[in-house]
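# Chains, contacts and geometry: an overview
What follows is each chain in one-letter form.
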Amino acid sequence: MPYAQEALHLGGAGVGYLSAALGVGAVIGGLVAATVGNNVRLDTLLAVGVGILGAAMIVFGVIHVAAAAIACLIVLGLAETLEYMAYETLLQQSVPENMIGRAAGSMDTLFFNVMLFGNLVSGLLAATIGLTIAILSFGVGILAVTGIAWVNLRRQSQGEPDAERLARVPAFQDVPAGVREWGVRRMVREQFRPGSVIIRQGDEGDTFYIIAKGTARVEMASEGGTLEVRLSKGDFFGEIALLENVPRTATVRAADDLTVYSMSREDFEELRSRTAELSRSLLETASARQEQNRNFRLTLARSVELGGGPAAIQADRSRHLRSWGSRNAQPL
């Protein structure tokens, strides 16, 4: 490598030193990824990794000092490991399981072809405009493309489910960030007009819902009356039918313009299997709601048997609806 000998004055062993530096960085990157991987958004980790790679490349091209160059290559190795880990994980989370093999093969083929093309272009650039300017050009180009892609991604994802919003739902607060990332990529944003029925009591349940915006009215019909509860941002519903394999226990309508994030039964079960904390929290909420529903039915039946009028029934209803919503729900 002429650069190692001529610019850095490392002699014949220079290539070995630089290659070893990349390896050291890769090892450090693996340790960092294992430490923070479950607590950082994967798209953020990908952007940070690529951004660090571009910045390190610029420094590598500007400072012709052996120690600094080796340090830059250590950082490059670290950044490449972070972005590759984030990329591979995002690919597996975003593609259906039966397509992962083909998608990974296609992306690897594209990656290696682009790498070969990059080697050709970099050689031509180095011969034409000089090695230093060529390295700087690649570094600046990487930073520019990363910045543009990041801005576009943020703009496109506004209002869509994301792990940060999901973390504000009490049941998901203790769930690792990586699992939340997996979950939000399987959620669908749905909107309902006031009065629209989202789920109906007695129907088969196959979807879980989290309220992102607006208010929902829960109606549980029973002999002698109907229990009505209001749910708002951060509350969830639909879990009882999925957890207990029973028909829907209540009807849920949009009280106003309502936006929800929905998840299919299959993805809901897979999400539960990935974290014991979430499964336990959902089961606790479902159990508490079922107990409140049973208590309401019993109290309502007694009121009817004893000849209680509408006022008595309404008082019983009020006592039972206070804690039906998700506990400590926070705005999304």
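Here is a short report on the structure shown in this document. (Residues numbered from 1 in each chain as written. Predicted model: local features only at pLDDT ≥ 70, side-chain atom pairs only at ≥ 80, totals over all residues. Heavy atoms only, no water.)

## Structural notes on the overall build of the protein
- Counting its regular elements, the protein contains twelve helices and eight strands.
- By the burial criterion, 41% of the 332 residues in the protein qualify as buried.
- Carbon together with sulfur atoms contributes 59% to the accessible area of the protein, which is approximately 17000 Å² in total. (Helix = DSSP H or I, 4+ residues; strand = E, 2+ residues; numbered from the N terminus. Buried < 20%, exposed > 50% of the residue type's maximum accessible area, 1.4 Å probe, protein only. Areas by Shrake-Rupley, 256 points an atom, 1.4 Å probe, with all protein chains shown as cover.)

## A few points about the pattern of salt bridges
- Overall, the coordinates contain five salt bridges when judged by the stated rule.
- Of the charged contacts in the structure, one is a salt bridge between Glu-219 and Arg-253, with a shortest N-O distance of 3.1 Å. Of this pair, Glu-219 sits in strand E4 (residues 216–222) while Arg-253 is found in strand E7 (residues 251–254), placing the two residues 34 residues apart along the sequence.
- In this structure, Glu-270 engages Arg-274 in a salt bridge whose closest nitrogen and oxygen atoms are separated by 3.0 Å. Residue Glu-270 and its partner Arg-274 are both found in helix H10 (residues 265–274); the two are separated by four residues, about one turn of the helix. (Salt bridge = Lys/Arg side-chain N within 4 Å of Asp/Glu carboxyl O.)

## Quick look at H10
- Within H10, the full set of buried residues consists of Asp-267, Phe-268, Leu-271 and Arg-272. Summarising the axial view, the buried residues of H10 lie within an arc of 140°, below the 170-degree limit, and thus occupy one face. Across H10 from its buried face, at more than 90 degrees, point the exposed residues Glu-266 and Ser-273. (Arc of directions from axis to C-beta.)

## Focus on the packing of helix H8 (residues 177–184) against H10
- In contact at an axis separation of 10 Å, H8 and H10 are set at 175° when each is read in the N-to-C sense. Considering the angle they form, H8 stands roughly antiparallel to H10. Counting all contacts with H8, which are made through Val-179, Trp-182 and Gly-183, the residues of H10 involved are Asp-267, Glu-270, Leu-271 and Arg-274.
- Of the residues contributing to the contact of H8 with H10, the split by class is three nonpolar, one polar and three charged. (Axes fitted to C-alpha atoms, helices over the stretch in contact; angles between N-to-C directions. Parallel < 35°, antiparallel > 145°, perpendicular 65-115°, else oblique. Contact = heavy atoms within 4.5 Å. Nonpolar A, V, L, I, M, F, W, Y, C, P; charged D, E, K, R; others polar.)

## Quick notes on H8
- Burial analysis of H8 places eight of its eight residues in the buried class, which makes it a mostly covered element.
- Those residues of H8 lying buried are Ala-177, Gly-178, Val-179, Arg-180, Glu-181, Trp-182, Gly-183 and Val-184.

## Examining the sheet that holds strand E3 (residues 207–213)
- Taken in spatial order, the four strands of this open sheet run E1-E8-E3-E6, and their pairing is antiparallel. Because the sheet does not close on itself, it has two edges, and the strands there are strand E1 (188–192) and strand E6 (236–237).
- In terms of strand pairing, E1 meets strand E8 (residues 258–264) through five bridges, oriented antiparallel. Across the sheet, the residue bridging to Phe-192 is Leu-258, located in E8.
- The sheet contacts of H10 involve E3 and E8, and relative to E8 the element is tilted by about 75°. (Pairing = 2+ DSSP bridges.)

## Focus on the packing of aromatic side chains
- If you walk through the whole model with that rule in mind, you get three aromatic pairs.
- Between the aromatic rings of Phe-208 and Phe-236, the centroid separation amounts to 5.6 Å while the plane-to-plane angle is 50°, which identifies the pairing as tilted. Of the two residues, Phe-208 is situated in strand E3 and Phe-236 in strand E6; the sequence distance between them amounts to 28 residues.
- For Phe-208, a relative accessible area of 1% gives the class buried.
- Taking the relative accessible area as the measure of exposure, Phe-236 reaches 1% and is therefore buried.
- Between the aromatic rings of Phe-208 and Phe-268, the centroid separation amounts to 4.9 Å while the plane-to-plane angle is 40°, which identifies the pairing as tilted. Of this pair, Phe-208 sits in strand E3 while Phe-268 sits in helix H10; the two residues are 60 residues apart in sequence, bridging distant segments of the chain.
- Joined through ring pairs, the aromatic side chains of Phe-208, Phe-236 and Phe-268 make up one cluster.
- Over the face of the ring belonging to Phe-236 we find Arg-289, whose NZ or CZ atom lies 5.2 Å from the ring centre. (Phe/Tyr/Trp six-rings, centres within 6.5 Å; stacked < 30°, edge-to-face > 60°. Lys NZ or Arg CZ within 6 Å of the ring centre and 35° of its normal.)

## Describing the environment of Leu-31
- With respect to the helices and strands, Leu-31 occurs in helix H2 (residues 14–36).
- Using a relative accessible area of 57% as the deciding quantity, one classes Leu-31 as exposed.
- Spatially, the C-alpha atoms of Leu-31 and Leu-78 are 9.3 Å apart, while their sequence positions differ by 47 residues.

## Quick word on a negative patch on the surface
- On the surface, Asp-203, Glu-204, Asp-206 and Glu-266 cluster together into a patch of negative charge.
- For Glu-204, the position within the fold is in the loop between strand E2 (197–199) and E3.
- For Glu-204, a relative accessible area of 71% corresponds to the exposed category. (Patch = residues over 30% accessible without salt bridge, like charges linked within 9 Å, V, L, I, M, F, W, Y side chains within 5 Å. Lys, Arg positive; Asp, Glu negative; His and termini not counted. Charge placed at Lys NZ, Arg CZ, Asp CG, Glu CD.)

## Things to note about the pairing of E3
- The buried fraction of E3 amounts to six of the seven residues, a majority that puts the element mostly inside the structure.
- In the sheet, E3 pairs with E8 via six bridges, with the strands oriented antiparallel. In the sheet register, Phe-208 faces E8, and the bridge partner there is Met-263.

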